[in-house]
2 protein chains.
Amino acid sequence: MTTVIRGDIVFTQKPGYFTVLEDGCVVVGDDGRVTEVTRSLDDLTLHGHYVLGECIPPAGGWTTPPVPPHWEPGPQVVDRRGCLVIPSFVDLHVHAPQYPMSGLGLDMELLQWLRSTTFPTESRFADDEVAETWYRRFVRRMWRVGTLRFSAFATLHVGATQLLMRLCQEAGLRPVIGKVNMDRNAPEDLRERTSDSLDGTRLIAETSSTETPDVGYIVTPRFVPSTTPKLMEGLGEIVRHFELPVQSHLDENRSEVEWVRRLHPDIPTYAEVYDHFGLMPEGRTIMAHCIWLTDSERELLRERRVWAAHCPQSNLNLTSGLMPVRRNLDAGLKVCIASDVAAGHDPSMPRQIVAAIETSKAKTFEAGHEKDRPLTLSEAFYMATKRPGEFFGAIGRGRVGSFEPGYDFDALVIREEEDNPLDMSVEGRLARFIYDGDDRDILERWVAGRRIPEPFAR
Amino acid sequence: MTTVIRGDIVFTQKPGYFTVLEDGCVVVGDDGRVTEVTRSLDDLTLHGHYVLGECIPPAGGWTTPPVPPHWEPGPQVVDRRGCLVIPSFVDLHVHAPQYPMSGLGLDMELLQWLRSTTFPTESRFADDEVAETWYRRFVRRMWRVGTLRFSAFATLHVGATQLLMRLCQEAGLRPVIGKVNMDRNAPEDLRERTSDSLDGTRLIAETSSTETPDVGYIVTPRFVPSTTPKLMEGLGEIVRHFELPVQSHLDENRSEVEWVRRLHPDIPTYAEVYDHFGLMPEGRTIMAHCIWLTDSERELLRERRVWAAHCPQSNLNLTSGLMPVRRNLDAGLKVCIASDVAAGHDPSMPRQIVAAIETSKAKTFEAGHEKDRPLTLSEAFYMATKRPGEFFGAIGRGRVGSFEPGYDFDALVIREEEDNPLDMSVEGRLARFIYDGDDRDILERWVAGRRIPEPFAR
C-alpha cells in the first residue's frame, strides 16, 4: 500500500540549500521507494475516492475484464506534523570492532594508536562471546543515532564478520561490511596467511548474498602497509570476479604515506598502489581520509569516481591533518562525511557533520587556505546523506539519502525533547538538532519504507 | 556527619596526570569539604568504634567535663563501587539566554552572528514568560551535564537576571551571574541608558547577597564595543566599591580587535582598555577567548592573574581563530576551558574538553605552531575542573574542582549505560565517558557535600 508521511520535510537535493516543505508529504510506494514529495495531497487522494467503473466496451470488445465501480481507499497516512522528517544518515567509513574503545588512546598518532589500542582490541574479536556482545551494542548504537546504512570494517575473523552481517540483517539495517585483510606488519594474532585471507574473503562474498541478502559484502584490505602485493593481487581478482566494491584507507597520516612510499618505491603514489592491484574499481570504491593527496592522486580518484570519506573527528583526534575539503570538492571529488569510529569517537553523524564544518573553518587558518570557503550546514548535511547514499545506488542496493522520486525511503522522524517556542524556522530546528540534539530526539527510523524497531532491546 | 564516598576516584591535582584511586574513598566533613582521600578506611573508622572515656582527672582537675565511655558511630558511607567519582565541571564562560539558539547562525562570523541571531534572541528576555521558560531549561540542562558551578552572562534585563539567580539558588547550583551592560553599538531594544545600566548593576549587586546567597554577582560589560567609556568608568567604580569580580570578552575575532582599536585609538591594546577603566581586578577577572593576544596583553593578563576562558567550540563555529593554548599556558596564563553557549553549541564540558584537545591538534598545522604540543586528556580535564574551580576559591565561594583536602565536595558519580568488559582501566573508562558518554551516564551530582536532585523536573 502507498504510505504518506506527513511532517516538516527537509532534505538536500543539491549541496547548496535545503529543500524544505513545512507540513509537507513524502509519498512512498509499495516497493519502499519515494514516488512524490508534495506540499499537500488533495482530499480525494488522502481519504480515498469512488471509481465509476467502465461501462462502454472498447472497440473490439473487452480484452481484460472491465473495472466495476468501487471505492478506492486512500493511502496509509503517517501523521508526524510538528516533527522533522529527514533522510537517515549514511556513514561510509566505520570500524565496528573498535566501538568498545571509543575515546581511548587519543593522545597518540595513528601508527602508535594502532599498535597500542586498536590491534589489542580487534584481536579480542576472535572470541565469539566478545564479538556477539559488542556487535549487538554497535548495531543498536547505529540504530539509535540514525545511521541506517553504512560501510563497515569488521576484523579479519570470518566468524565474527558473518555474525556482524547477520545481526545487521536481523536488525533491518542495510550496510555493506567487509572482513579485514592483513598479512603483513601486524601483531602475530592479527596476521593472516595470504591464502587464508583470500579464502575467507571468497567464502563470505559467496555465502552472504543468500544468508544476509540485505547486507552487502565489500572487499576490505586494511591499508597498503598491512597487505602484501600477493594479497592485494588476489583481492583484485576477487573484486573483478564477483564485481565487488572496495574500501580502504588512503593518505591519512604523513608517516603512513612515507611508509607506503618505502614499501612500494616503484609505484609513484599511494593511490596508484591500490589501482595497480585492481583495488580501485570504478564507481564502487571508498577511500577513507584522503588528506595528503597529490594532484595526480586527486585526478585518479576523480577518474575512478571514488567516494572520498572525510573523517574530520578522527583526523583531529589522531593529529592526522585537516582535509582540504573545499579543494577536494572543487576538484570534483565525491567527498562524503564519515565517522571512522573509533578514531572518530562518536558514531553520531550529526556530530561528524559539525566536526566537518568546524574542521573546514580551522583549515582557513592554515597557510595557503585562507580563502577556502568553509562548509555550510546544508553542504555538510548533503555529504552525510545524499552523497554517500549514492554509493548504495551505484552498487545496486538502492539509492538513499534524499526524498527525490526513486530513492528508497530511508528516513528519521525527529522531535526535540523540549518544544522550542522562539518562532524557530524548520531549518533552525534542524540546525538545533544537528548541533545540540541526540538520539533521544529521534522518534522513528525508516528503512526502504519500513519502520525499524530498536534491535536487541534489553 | 562525616560522609565517605566510595568508588573509583579520579581527579587532577596537577595538569600532567590523573590521580586515580581504584575503589578508593573521599571523606567529606560536616561542612561539605573534603578532609581526606584514601585507598581504604579501616574497619574502626567505617563501622564506628567504642571510646573508652576519660577516667583519671588531669593534674589540676577537670576543666571541661570528662568524656564518658560511649559508642562513636562511623560515617555515612555512600557505596558507589564500580562507578567513577570525579569533580563536577566548572564553566567560566556561558551565555544563559543564548541557550535557545544552540546551533543557529553558525555559518556566520561573530559580528554578523551577533546582529542576526544573538541580539534578537536576547531581546526576547524582556518577556518574563520567555525568561522563565528558557532559564528553567538552561538550569536543568546545566544540572544534567554536570556543570554545577559556572560564570554566566544573562541579558541586560534586571528582572530576568534576578530570576536566573533565583532559579540557580533554588536548584542548588552555585554559579556567579551578571546582568549584561551595553549602552552603545546595539539594537535599540538592547541599548541601555548609561545611568540605568549602572543603577541596575548596583541594585542586583546589593540585593543578591541576601536574596540568593549561594549565587554570586559578577560585573559583566558585554565587550568594549558595547560599552561607552562612561559606562566602563562607572562599572569600574562598582567593582572597586563592592570588590566584585568581572567577566568580559577579549581578542576573539580579528574584526572585533580592529574595531576596538578604532574606538580607543589612545589605548595601545584591547586588554588595556578594560584595565584602564578598572575592569581587570587582580585575581578575580575572567576574559573569554584571548585568541589574538599581543605579547604585552599576555603579560598584563598574567600580572592581573586573569582566568583566560578558552572556548574552542565557539572559536571554530564562528571561525574566530584557534587559541594558541600551549603558548598561553607556557606564558603562565590561567587558561581554562569554557563552553561559550551558544556560540559553542553544546553545554556539556566533556564535549568542550574534547574540542579543546582537537583544536590544539589542529593548531599544529598552522604555520609557526608545528611544535606546539597538543593538550592531553588530563591537562584538558584539569582545565575544566580544578583550574576554573580556583576562581570560586579566589572570590571566597569555596575552592572546587579537585578532591584535595579543603576543597568543597562538588562531584559527579558516573556509570556507563552499558558495562564495558574489555578489561578497561579506570582512566580508560573516564576517557570513554569524556569522549563518548553523555548526561545519561551521570548518576548523581553533588555540590558542597550535598546530593542535588534534578531541578524543575517535569
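Residues numbered from 1 in each chain as written. Chains lettered and ligands numbered in written order. Predicted model: local features only at pLDDT ≥ 70, side-chain atom pairs only at ≥ 80, totals over all residues. Heavy atoms only, no water.

Engineer: In this structure, what is going on with the sheet that holds strand β6 (residues 76–87) of chain B? I would like to understand it.
Structural biologist: In any sheet, the strands associate via hydrogen bonds between backbone groups, in a parallel or an antiparallel arrangement. Residue and element names in this part refer to chain B. The seven strands are arranged β3-β2-β1-β6-β17-β18-β19 in an open sheet whose pairing can be described as mixed. Of all the strands in the sheet, the pair left with one neighbour each is β3 (34–38) and β19 (450–451). Summarising the sheet, strand β17 (residues 411–414) and strand β18 (residues 442–447) pair through four bridges and their orientation is antiparallel. Paired with Ala411 across the bridge in β18 is Trp446. (Pairing = 2+ DSSP bridges. Helix = DSSP H or I, 4+ residues; strand = E, 2+ residues; numbered from the N terminus.)

Engineer: Would you mind showing me how to read the interface of chain A and chain B here?
Structural biologist: Where interface size is quoted, it is often the accessible area lost as the parts come together. The partner chain B presents 57 residues to the 57 residues of chain A that form the contact. With both sides pooled, the region where chain A packs onto chain B buries about 4800 Å², and carbon together with sulfur makes up 49% of that total. The largest share of the area that chain A buries against chain B comes from A:Phe365, A:Glu418 and A:Leu422, three residues that together contribute 16% of it. Inspection of the region where chain A meets chain B yields four salt bridges. Among the ionic pairs, B:Arg141 bridges to A:Asp436, the shortest N-O distance being 2.8 Å. At the junction of chain A with chain B, the criterion picks out 14 residue pairs in polar contact (both at pLDDT 80 or more). Every element with two or more residues in the side of chain A that touches chain B is listed here: α3 (128–145), α10 (312–317), α12 (349–363) and α15 (426–436) of chain A. (Contact = heavy atoms within 4.5 Å. Buried area = accessible area lost by both parts, 1.4 Å probe. Salt bridge = Lys/Arg side-chain N within 4 Å of Asp/Glu carboxyl O. Polar contact = N/O pair within 3.5 Å; in protein donor to acceptor, adjacent residues only side chain to side chain.)

Engineer: Please clarify how helix α3 (residues 128–145) of chain B should be interpreted in this entry.
Structural biologist: All names here are of chain B. Here α3 is 18 residues long and its end C-alpha atoms lie 25 Å apart, about the 26 Å a rise of 1.5 Å per residue gives. Within α3, 13 of the 18 residues are buried, which leaves it mostly tucked inside the rest of the structure. Its side-chain oxygen at 2.8 Å from the backbone nitrogen of Glu129, Asp127 defines the N-terminal cap of α3. Gly146, located one to two residues past α3, shows a positive phi value of around 85°. (Expected span 1.5 Å × (residues − 1). Buried < 20%, exposed > 50% of the residue type's maximum accessible area, 1.4 Å probe, protein only.)

Engineer: How should unusual backbone geometry be read in this particular structure?
Structural biologist: Among all residues except glycine, the phi angle is most often negative; among peptide bonds, the trans geometry is most common. A:Ala342 follows A:Val341 through a cis peptide bond whose omega is 10°. Mapped onto the elements of the fold, A:Ala342 is located in the loop between β16 (334–337) and α12. Positioned with a positive phi, A:Glu243 is a non-glycine residue whose angle comes to about 50°. Following the sequence through the fold, A:Glu243 ends up in the loop between α6 (229–242) and β13 (246–250). Positive phi values are uncommon outside glycine, yet B:Ala448 reaches one of about 50°. Within the secondary structure, B:Ala448 is located in the loop between β18 and β19.

Engineer: Is there a simple way to explain the packing of helix α5 (residues 194–211) of chain B against helix α6 (residues 229–242) of chain B in this structure?
Structural biologist: Two numbers describe a pair of packed helices, the interaxial angle and the distance between the axes. Residues and elements named next belong to chain B. Remark: α5 packs on α6, axes separated minimally by 9 Å, with the N-to-C direction vectors making an angle of 15°. Taken together, the axes of α5 and α6 are roughly parallel relative to one another. Where α5 crosses over α6, the handedness of that crossing is right-handed. The segment α5 lies against α6, with Thr194, Ser197, Leu198, Thr201, Arg202 and Glu206 engaging Lys230, Leu231, Gly234, Leu235, Ile238 and Phe242. The class makeup of the residues in the contact of α5 with α6 is five nonpolar, four polar and three charged. (Axes fitted to C-alpha atoms, helices over the stretch in contact; angles between N-to-C directions. Parallel < 35°, antiparallel > 145°, perpendicular 65-115°, else oblique. Left-handed = near helix turned anticlockwise from the far one by under 90°. Nonpolar A, V, L, I, M, F, W, Y, C, P; charged D, E, K, R; others polar.)

Engineer: I would appreciate a short explanation of the domain arrangement of chain A in the present structure.
Structural biologist: All names here are of chain A. Considered domain by domain, chain A is made up of domain 1 (1–87 + 402–458) and domain 2 (89–394). Just the C-alpha atoms count here: the centres of domain 1 and domain 2 sit 32 Å apart. Taken together, the 36 residues of domain 1 in the interface contact 27 residues of domain 2. Buried surface at the junction of domain 1 and domain 2, summed over both partners, amounts to about 3000 Å²; 63% is from carbon and sulfur atoms. The largest contributions to the domain 1 side of the interface with domain 2 come from Ile434, Tyr435 and Phe456, which together make up 25% of the buried area. Linking Arg149 and Asp408 is a salt bridge whose minimum nitrogen-to-oxygen distance equals 3.1 Å. Inspection of the domain 1/domain 2 interface yields 14 residue pairs in polar contact (both at pLDDT 80 or more). Where the side of domain 1 that touches domain 2 is concerned, the elements lending two or more residues are β6 (76–87), β17 (411–414), α15 and β18 (442–447). (Domains from an automatic or database assignment.)

Engineer: Would you mind going over the relation of the copies chain A and chain B with me for this structure?
Structural biologist: In this arrangement, two copies of a chain are superimposed by a rotation about an axis accompanied by a shift along the axis. Of the two same-sequence chains, chain A is brought onto chain B (RMSD 0.1 Å, axial shift 0.0 Å) by a rotation of 180°. The operation mapping one copy onto its partner corresponds to a two-fold rotation axis. By C-alpha distance to the rotation axis, the residue of chain A lying nearest is A:Glu366, at 2.4 Å. By residue overlap, the copies meet face to face through one surface: 100% of the interface positions of chain A are interface positions in chain B. (Least-squares fit on C-alpha atoms with pLDDT ≥ 70 in both.)

Engineer: What is the right way to look at the side chain of A:Arg432 in this model?
Structural biologist: Along the chain, A:Arg432 turns up in helix α15. Given a relative accessible area of 7%, A:Arg432 falls into the buried group. Setting aside its immediate chain neighbours within four residues, A:Arg432 contacts A:Glu416, A:Asn420, A:Met424, A:Gly437, B:Tyr99, B:Pro100, B:Met101, B:Ser102, B:Leu104 and B:Trp134.

Engineer: Which parts of the structure should I look at to understand a nonpolar patch on the surface?
Structural biologist: On the surface, A:Tyr50, A:Leu52 and A:Trp71 cluster together to form a nonpolar patch covering roughly 410 Å² of accessible area. Within the secondary structure, A:Trp71 sits in strand β5 (residues 70–72). (Patch = residues over 30% accessible without salt bridge, like charges linked within 9 Å, V, L, I, M, F, W, Y side chains within 5 Å. Areas by Shrake-Rupley, 256 points an atom, 1.4 Å probe, with all protein chains shown as cover.)

Engineer: Help me out: how do you make sense of the pattern of salt bridges in this one?
Structural biologist: Side chains that carry opposite charge are capable of pairing whenever their charged atoms lie near each other. For the coordinates displayed, the defined rule picks out 58 salt bridges over all chains. Between A:Glu192 and A:Lys179 there is a salt bridge, with the nearest N and O atoms lying 2.3 Å from each other. Of this pair, A:Glu192 sits in the loop between β10 (180–181) and α5 (194–211) while A:Lys179 sits in the loop between β9 (176–178) and β10, and the two are 13 residues apart along the sequence. For the pair formed by A:Glu192 and A:Lys179, the shared burial category is buried. Between B:Arg387 and B:Glu390 there is a salt bridge whose closest N-O contact spans 3.1 Å. Placement of both B:Arg387 and B:Glu390 in helix α14 (residues 386–394) is noted, with a separation of three residues, approximately one turn of the helix.

Engineer: How should I be thinking about the packing of aromatic side chains in this particular structure?
Structural biologist: Note on aromatic pairs: each is described by the distance of the centres and the angle between the planes. Residues and elements named next belong to chain A. According to the stated counting rule, one finds 28 aromatic pairs over all chains in the structure shown. Where Phe223 meets Trp259, the ring centres are 6.4 Å apart and the plane angle is 85°; that geometry is what we call edge-to-face. On the criterion of sequence distance, the pair formed by Phe223 in the loop between β12 (220–221) and α6 and Trp259 in helix α7 (residues 254–263) is long-range, its members being 36 residues apart. Cluster of aromatic residues (ring-pair linked, three or more members): Phe11, Phe403, Phe409 and Trp446. Sitting over the ring of Phe456, Arg136 keeps its end group 4.7 Å from the ring centre. (Phe/Tyr/Trp six-rings, centres within 6.5 Å; stacked < 30°, edge-to-face > 60°. Lys NZ or Arg CZ within 6 Å of the ring centre and 35° of its normal.)

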